[in-house]
Amino acid sequence: MSDDGGLWLLAAGPAGATALYWALYRYYRNTDKSHAFERETAIEAKPVTGSETKVDEVTGTRETRIKGDNVRNYRDRVNRVSS
Amino acid sequence: MSDTRTPPPVPVPPVTGPGSPRDVPPAPGSSPIDPTTLPGPIRDELQAPDPVAIDTASAELKDGVNRCPKCGSTDIRPKAGTDLLVCLYCRNEWNSARVEEAFGLGVGIDQLHGTVMASGARDIAADAASLMTFKCSACGAEVTINTANAMTARCHWCRHVLGVNEQIANGAVPDAVLPFHIKKDDAVARIRQFVDKRRLFALKEFKEQFTPENVAGVYLPYMIVDANVSAAVAGKGEIKTREYTRGSDNDKKTYYDADVYQVDRQVDFTVDDLPLESSTERGNLDTKVNTNNIINTILPFDTKNAVNWNASYLSGFSSEKRNSNVANLQPRLEDELLSIARSQVEDSVRRYDRGVRWEQEQIDVIGTRWMSMYLPVWLYSYHQPGRNGGMLHYIAVNGRTGETMGSVPVQQWKLLMTAITVGTFLEAIALWIVGHSS
């Protein structure tokens, strides 16, 4: 095993302790729960319309996702434009 | 702020002048001409009350005495586990009409324009008090009901049961009510089961004082909203075009190339029966200071089965009065609708395998329909003392579906000790591996 891999392994203790603490805390207190209205409400949507245009290219990035990816964080509000 | 001394702005073309839609609309009910100076017939027309869009008031129950349609007795109770009312005198059973069919609430959502309010969802009068005094129509005595937590009372003279049925200005009377289906024994069993799965790290005092038999049946106030919405979002999306590694054996790094797209999406949708807490206290879901998110989690209810208001459904249960108007809940509604819009467009951006960063969103609420409703919740509470008044922990059971959610206070030192012990154990294994590999 390389030195690098070995040093990473030393973080297992604190990381494991923190993860266990938060998992149990949430299981007891359920602070992360709320009404999932996005799924549990009767919604009838017409087909989604839209457009896309290529505006740029990125090369040689080490990030696996786009910066600020919020496609699943429905409840994070972004800049609101009035109609 | 505009200066009142400055002359009016440059003359405007007629399309945008006074009286056009570009003007700030006048206050509802206001008139440019004093109606008292007008001839009688015109004055009457101007001053006639505006029609309430959907009138759900029950005229036959207005005097406050709910009588059994068969024998006329007022000793009426909800029959546990059903939507029926039962007369304790002659055992006659009947129920109120389902509002869904009676007022056509399930249909025409895509045709909604503007804000339609049922009569029970109207604004609360500023001077409305919670205490209401009734004249008992059976004997004439004065009976007081505190509508903040009860909707029925027994006349202390003639033993008639009086209920608040008239849609009074303090907002206590909703359009509809959803009767309890889950019985108390069932709720107690569900709460016990919920807590039994969370005993190891629960606060010692909580476990010692745990008495689920103390659970209370409460009718909580909600606004049930139908909405017709058009939404748009815009942002950037990335599609991976190349993935490659650089560097030698021990220093390999992965790099990506990607195309960046400007993505725009529009979606029109309708939402049927979205529940919103119409009590400001319950609507505050800050988990640092309260556990109201627990009660929020047990939503939704089968609101399609709600029945027309009859105070007898509440006898034996307590209730909480509504204190928010439609206007107060509008921002919350728009926020939830935007969230729904974002979830609706997610499927259409799947091809952006490096994700999408939404930067702008826009919502146009074309029409909404508001109903005020009492929904049944079994509530068990435990007060944990602490800083800033401590924390009130709820365990809630949905009175219709039986969905159970709760907040069990934790014994902090026990949880910390366990986490540290497990962490130490993991660290020992890690050290052993590192020690043996080098």
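Conventions and cut-offs
Residues numbered from 1 in each chain as written. Chains lettered and ligands numbered in written order. Predicted model: local features only at pLDDT ≥ 70, side-chain atom pairs only at ≥ 80, totals over all residues. Helix = DSSP H or I, 4+ residues; strand = E, 2+ residues; numbered from the N terminus. Rg over C-alpha atoms; globule rule 2.2 N^0.38 Å. Buried ≥ 20, exposed ≤ 12 C-beta atoms within 10 Å, placed from the backbone. Contact = placed C-beta atoms within 7 Å. Pairing = 2+ DSSP bridges. Expected span 1.5 Å × (residues − 1). Bend = angle between axes of the 7 residues up to and from the residue. Axes fitted to C-alpha atoms, helices over the stretch in contact; angles between N-to-C directions. Parallel < 35°, antiparallel > 145°, perpendicular 65-115°, else oblique. Left-handed = near helix turned anticlockwise from the far one by under 90°. Nonpolar A, V, L, I, M, F, W, Y, C, P; charged D, E, K, R; others polar. Core = buried A, V, L, I, M, F, W, Y, C linked by C-beta atoms within 7 Å. Arc of directions from axis to C-beta. pLDDT = per-residue confidence, 0-100.

Participant: Teacher, can you tell me more about the overall build of chain A here?
Facilitator: Helix and strand counts for chain A stand at 3 helices and 3 strands. The order of α-helices and β-strands along chain A, N terminus first, is α-α-α-β-β-β. Taken over C-alpha atoms, the radius of gyration comes to 21 Å for chain A, far larger than the 12 Å a tight globule of 83 residues would show. For chain A, the spread of C-alpha atoms along the three principal axes comes to 55 × 45 × 20 Å. Out of the 83 residues in chain A, the part that is buried amounts to 14%.

Participant: Can you walk me through the overall build of chain B in this structure?
Facilitator: Each helix and strand counted, chain B has 8 helices and 16 strands in total. Each of the 438 residues in chain B was classed as buried or not, and the buried ones make up 38%. For chain B, the proportion of contacts with a sequence separation of at least 24, taken over those separated by at least 6, is 74%.

Participant: Looking at this structure, I do not really get the pairing of strand E2 (residues 49-61) of chain A. What am I missing?
Facilitator: Successive residues of a regular strand alternate their side chains across the two faces of the sheet. Within E2(A), only 0 of the 13 residues are buried, leaving the element largely exposed. Where E2(A) and strand E11 (residues 253-277) of chain B come together, 10 bridges link them in antiparallel fashion. Of the residues in E11(B), the one forming a bridge with A:Gly50 is B:Arg265.

Participant: Explain helix H7 (residues 326-345) of chain B here, please?
Facilitator: Side chains that are three or four residues apart share a direction in an α-helix, a result of its 3.6 residues per turn. The first and last C-alpha atoms of H7(B) sit 28 Å apart over 20 residues, in line with the 28 Å expected at 1.5 Å per residue. At B:Arg332, H7(B) shows its largest kink, close to 25 degrees. By the burial criterion, the buried members of H7(B) are B:Leu329, B:Leu333, B:Glu336, B:Leu337, B:Leu338, B:Ile340, B:Ala341, B:Arg342, B:Gln344 and B:Val345. Contacts from the buried residues of H7(B) go to helix H3 (37-40) and strand E1 (42-45) of chain A together with strand E10 (216-246), E11 and strand E14 (356-384) of chain B.

Participant: In this structure, what is going on with the pairing of E14(B)? I would like to understand it.
Facilitator: Of the pairings in the sheet, the one linking strand E3 (residues 79-80) of chain A to E14(B) comprises 2 bridges and is parallel in character. The residue of E14(B) that forms the bridge with A:Arg80 is B:Glu361. Relative to E14(B), strand E4 (residues 114-117) of chain B runs parallel, the two sharing 4 bridges. Considered in E14(B), the bridge of B:Thr115 is made with B:Thr368. Strand direction decides the pairing type here: strand E9 (residues 176-177) of chain B and E14(B), joined by 2 bridges, are parallel. Within the sheet, the bridge partner assigned to B:Ala176 lies in E14(B) and is B:Met373.

Participant: Honestly, the packing of helix H2 (residues 12-29) of chain A against helix H8 (residues 412-437) of chain B in this entry has me stumped. Any pointers?
Facilitator: A packed helix pair is summarised by two numbers, namely the angle formed by the two axes and the spacing between the axes. At a minimum axis separation of 7 Å, H2(A) and H8(B) run at an interaxial angle of 150 degrees. The angle between H2(A) and H8(B) places the two elements in the roughly antiparallel class. The handedness of the crossing between H2(A) and H8(B) comes out as right-handed. Of the residues in H8(B), those in contact with A:Ala12, A:Gly13, A:Pro14, A:Gly16, A:Ala17, A:Leu20, A:Tyr21, A:Leu24 and A:Tyr25 of H2(A) are B:Leu415, B:Leu416, B:Ala419, B:Ile420, B:Val422, B:Gly423, B:Thr424, B:Leu426, B:Glu427 and B:Ala430. The class makeup of the residues in the contact of H2(A) with H8(B) is 14 nonpolar, 4 polar and 1 charged.

Participant: How should the interface of chain B and chain A be read in this particular structure?
Facilitator: Interfaces are frequently sized by the accessible area removed from exposure as the parts join. Taken together, the contacts link 77 residues of chain B with 61 residues of chain A. Those elements that place two or more of their residues in the side of chain B that touches chain A are E10, E11, helix H6 (292-297), H7, E14, strand E16 (404-406) and H8 of chain B. Ranked by the residues each element gives to the side of chain B that touches chain A, the list is headed by E11(B), at 22 residues. Looking at the side of chain B that touches chain A residue by residue, the class counts come to 34 nonpolar, 22 polar and 21 charged.

Participant: Just to check I follow, could you spell out the sheet that holds strand E2 (residues 85-87) of chain B for this structure?
Facilitator: Pairing between the strands of a sheet comes from backbone hydrogen bonds, and it takes one of two forms, parallel or antiparallel. Residue and element names in this part refer to chain B. The strand order across the open sheet formed by 3 strands is E1-E2-E3, and the pairing between neighbours is antiparallel. Two strands lie at the open edges of the sheet, namely strand E1 (76-78) and strand E3 (93-94), each paired on one side alone. As paired elements, E2 and E3 share 2 bridges and run antiparallel to each other. Across the sheet, the residue bridging to leucine 85 is tryptophan 94, located in E3.

Participant: Can you help me understand the nonpolar core in this one?
Facilitator: Proteins that are soluble and globular tend to have nonpolar side chains buried together. Core analysis: the biggest nonpolar cluster contains 96 residues, and B:Val177, B:Leu337, B:Met373 and B:Ala396 have the highest contact counts within it. Not counting the four nearest positions on each side in its chain, B:Leu337 is found in contact with B:Ala227, B:Val229, B:Ala231, B:Val271, B:Ile363 and B:Val365.

Participant: Before we go on, may I ask you to explain the environment of B:Phe210 in this structure?
Facilitator: With respect to the element layout, B:Phe210 can be found in the loop between helix H4 (204-208) and E10. Put simply, B:Phe210 and B:Asp347 are 137 residues apart on the chain and 46 Å apart in space, counted from C-alpha to C-alpha.

Participant: Which parts of the structure should I look at to understand helix H3 (residues 184-196) of chain B?
Facilitator: All names here are of chain B. With 13 residues, H3 ought to run about 18 Å at 1.5 Å a step, and its terminal C-alpha atoms sit 18 Å apart, in line with that. Here H3 has its buried residues at Ala187, Arg190, Ile191 and Val195. Take H3 and look down its axis: the buried residues cluster within an arc of 130 degrees, on one side only. What points out from H3, more than 90 degrees from its buried face, is the exposed set Asp185, Gln193 and Asp196. The inward-facing, buried residues of H3 abut E14, strand E15 (391-398) and E16.

Participant: Just to check I follow, could you spell out the confidence of the model for chain B for this structure?
Facilitator: The predicted structure's coordinates, where accompanied by low pLDDT, should not be read in detail. Residue and element names in this part refer to chain B. Mean pLDDT over chain B: 82, with 85% of residues reaching 70 or higher. For chain B, helix H1 (residues 40-47) is the element with the lowest average pLDDT, namely 70, and E11 is the one with the highest, namely 93. Taken as a whole, residues 11-17 scores under 50 in pLDDT and shows 3 contacts with residues more than four places along the chain or in a different chain. For this predicted complex, the interface score ipTM comes out at 0.88, while the overall pTM is 0.78.

Participant: Quick question: what am I supposed to make of unusual backbone geometry here?
Facilitator: Most peptide bonds take the trans form, and the phi angle of most residues other than glycine is negative. Residue B:Pro300 is reached from B:Leu299 by a cis peptide bond, and omega for that bond is 0 degrees. For B:Pro300, the position within the fold is in the loop between H6 and strand E12 (307-308). A positive phi angle is found at A:Asn30, which is not glycine, with a value near 55 degrees. Taking the number of C-beta atoms within 10 Å as the measure of exposure, A:Asn30 has 23 and is therefore buried.

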